[in-house]
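# Structural features, examined
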Amino acid sequence: MTSLSDPEKSQATQQINSDEARRVVLASSIGTTVEFYDFTLYGLAAVLVFGDQFFPSSDPVVGQLLALATLAAGFLIRPIGGLFGGHFGDRIGRKRVLVWSFMIMGVATLMIAFLPTYSQIGILAPIILLVLRLLQGFAAG
């Protein structure tokens, strides 16, 4: 039976840690890319579409600012999502929390895509948009 000497153990441990570190960096890079893609896409939609569709008013500037406020709401809720994600990540596992985060983000994004406009359901449209945006921000946190 052969055993590893101390330098060999150290090198094997270092190799495992190096491989694990690469996996963690790759996974977090992919997650960050998806998150910022979603936020960028929403910001573009808020500037081009959401002001007229969800916040019609006599002043188009007010509608545009309200649409951009929903973008800000997603950023403001992120720290709360981070607190919950960190807490439950430690309790039930980070992988499960990551999967739930992606699912919440995906479902909220899909629901925004199919959300009826102000002219179709009235004041419920911007309220639902805000709630879905808060869900996206929570999931991104």
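On a predicted model such as this, the values are computed, not experimentally measured, just so you know.

Quick notes on the rules
Residues numbered from 1 in each chain as written. Predicted model: local features only at pLDDT ≥ 70, side-chain atom pairs only at ≥ 80, totals over all residues. Heavy atoms only, no water. Patch = residues over 30% accessible without salt bridge, like charges linked within 9 Å, V, L, I, M, F, W, Y side chains within 5 Å. Areas by Shrake-Rupley, 256 points an atom, 1.4 Å probe, with all protein chains shown as cover. Salt bridge = Lys/Arg side-chain N within 4 Å of Asp/Glu carboxyl O. Helix = DSSP H or I, 4+ residues; strand = E, 2+ residues; numbered from the N terminus. Buried < 20%, exposed > 50% of the residue type's maximum accessible area, 1.4 Å probe, protein only. Expected span 1.5 Å × (residues − 1). Bend = angle between axes of the 7 residues up to and from the residue.

## Observations regarding a nonpolar patch on the surface
A cluster of nonpolar residues, Tyr 37, Leu 41, Leu 44, Val 47, Leu 48, Val 49, Val 61, Leu 65 and Leu 68, forms a patch on the protein surface that exposes about 860 Å² of accessible area. Counting only elements with at least two residues in the nonpolar patch, the list comes to helix H1 (6-54) and helix H2 (60-92). Sort the elements by how many residues they give to the nonpolar patch and H1 lands first, with 6 residues. One can find Leu 65 in helix H2. On the basis of relative accessible area, Leu 65 is assigned to the exposed category, the value being 54%.

## Some thoughts on H2
The periodicity of an α-helix, 3.6 residues per turn, causes residues three or four places apart in sequence to face the same way. Taking 1.5 Å per residue, 33 residues should reach 48 Å; H2 reaches 47 Å between its end C-alpha atoms and fits that length. Maximum bend of H2: about 35 degrees, positioned at Arg 78, with proline Pro 79 one to four residues after it. Every buried residue belonging to H2 is among Gly 63, Ala 67, Thr 70, Leu 71, Ala 73, Gly 74, Ile 77, Gly 81 and Gly 89, and all of these are buried. A positive backbone phi angle near 110 degrees is found at Gly 93, which sits one or two residues after H2.

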